[in-house]
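Breakdown of the fold
Below are the chains, spelled out letter by letter.
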Amino acid sequence: MENAVVMVVDKYSIGAHLARLTAGVKYPADYSRKSRNVYYTKEFYSILVDLANIRKGTRVFFYKRRIDEPPDERGFMGEWEAIPLPDTETVAYEDLSNDLYGDGCVIHARCPQCGCPKSSLSEGKPVCAACKQYLQGHILPLRSQLQQVHIYSNYLDDNTAYVDITDNGRLSTLIFRKIYGAGRERSVNPILPEETTKLRRLLQRVQDQKQNELVPVPCTAPCFPSLSNIKSISFYLDFSQKYPIKRSNLCVQGYLHDSHGRVIYETILEFWMMYKLLKNSQTLFHLLELNKKEIIEWFSNQVLFGIGGEKSDILILTQNEEGTRCRAIVIELKKDLIDQNSISQITKYSYWIAQLVTSQITRVANPFIITPVVIGFRKARHLTYSSQYRFQIPYEHPLQVQVEPVITLGYAVSQNDIVLKRI
């Protein structure tokens, strides 16, 4: 699989990221100023799902966002590769102990004043979420280690990336996130393989043309952290363990599921799905009764495909034996009930997802198949399913798209794991 992500940095963190070859994201857990306890919310698990996109071999590009810099001193830069910590399989991890320093920048593991693991921006400066004291840099306890692949010398600016039409293709999933709207910003932004190719091409172009400012010179060898007190993010997917969680505004020690086997947050189901796809995709393929000769080309979560913020909870692309992209599996997740709206909604998305994943590649099967899937704890009675149908995308060489009937899968937590079955 070709897997790449874009991660946001700024002037407060970029020097430390490059000096220590470490990517990092903020801690979204709730924090009690009175008791100094941390409580894990659905947003916390949403961040862990994003981090699950960073696995061994994932290519990482940074995007330096603006604080007060001019346009030619911000933009895309890269590329790095995610690597596991020494003698482990851990790629994405939590580090609440080690601060990172480099080129006048600091990445904190906790607030130096009160120990809070969470920060935010106030008037363009990092502040602690608890004591509100200004910090030298952001608090980024959720991290992954990198090694250098290719460092392009100049920033790739937004206009060249998004507006310029002299280069083929688009950064579709990224430009949808540039449009303001709740839920569009992600800590880790996965990009399609064809978007990765375009990003590399544009970075090479601005380097060759000596366009924009030079990026800082990064370290060339990884500086691994101390392994003491480091946790793999998989630690937070243990169904046998109790965590400090927030339920109906109450903070309790509780399991990730209720007594019926239903997860407390939908993002926990999403987190589990991402891990299972990486470790054993054949279980899902068997349930969906897909061609055994197909292989996963790419998968990710929260893939935006519409101006209005429409997105797929999980999107999987497969290839046939000839290496041709042949199918998109579009998965909608429901913590509880699969209702008629869930069935109708995922079918309506087919036309736009088909364009998103076929418009910029040449090796695409004709007809191309869309397999819509809804996963929930239970389903409503008397659901109406549409039959298989086809439509045509009027490219220069028209593409036939075949949309299969919606498949519904039930889930339940059982014996410290999630079990899926057709319902």
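The coordinates are above.
Now for a quick tour of the structure. (Residues numbered from 1 in each chain as written. Predicted model: local features only at pLDDT ≥ 70, side-chain atom pairs only at ≥ 80, totals over all residues. Heavy atoms only, no water.)

This next bit is on the overall build of the protein. Each helix and strand in the protein was counted, giving nine helices and 26 strands. For 423 residues, the compact-globule estimate of 2.2 N^0.38 gives 22 Å, and the C-alpha radius of gyration of the protein, at 22 Å, lies within 12% of that figure. Taking the principal axes of the C-alpha coordinates as reference, the protein spans close to 60 × 55 × 40 Å. Counting only residues that meet the buried cut, the protein has 54% of its 423 residues in that class. Long-range contacts, defined as pairs at least 24 residues apart, comprise 71% of the intrachain contacts of the protein with a sequence gap of at least 6. The positive charge centre, built from 51 side chains, and the negative charge centre, built from 44, are 6 Å apart in the protein. (Helix = DSSP H or I, 4+ residues; strand = E, 2+ residues; numbered from the N terminus. Rg over C-alpha atoms; globule rule 2.2 N^0.38 Å. Buried < 20%, exposed > 50% of the residue type's maximum accessible area, 1.4 Å probe, protein only. Contact = heavy atoms within 4.5 Å. Lys, Arg positive; Asp, Glu negative; His and termini not counted. Charge placed at Lys NZ, Arg CZ, Asp CG, Glu CD.)

A few words now on the layout of surface pockets. Space inside the second largest pocket adds up to approximately 410 Å³. Here the lining of the second largest pocket gets four residues from one element, more than from any other, and that element is helix α6 (residues 266-279). When its residues are assigned to classes, the lining of the second largest pocket shows eleven nonpolar, three polar and four charged. (1 Å grid on protein atoms, 1.4 Å probe; cavity = no way out; pocket = protein on both sides within 12 Å on 5 of 7 lines; lining within 4 Å. Points joined across faces, edges and corners; volume = space filled by probe spheres on them. Nonpolar A, V, L, I, M, F, W, Y, C, P; charged D, E, K, R; others polar.)

Bringing the pattern of salt bridges into the picture now. As enumerated under the stated definition, the model contains 22 salt bridges in all. The partner of D164 in a salt bridge is R205, with the nearest N and O atoms 3.1 Å apart. One end of the pair, D164, is in the loop between α3 (158-163) and α4 (172-178); the other, R205, is in helix α5 (residues 193-208), and 41 residues separate them in sequence. As a salt-bridge pair, K334 and E332 come within 3.8 Å of each other at their nearest N and O atoms. Residues joined in a network through salt bridges with shared partners are E2, R59, E79, E81 and R200. (Salt bridge = Lys/Arg side-chain N within 4 Å of Asp/Glu carboxyl O.)

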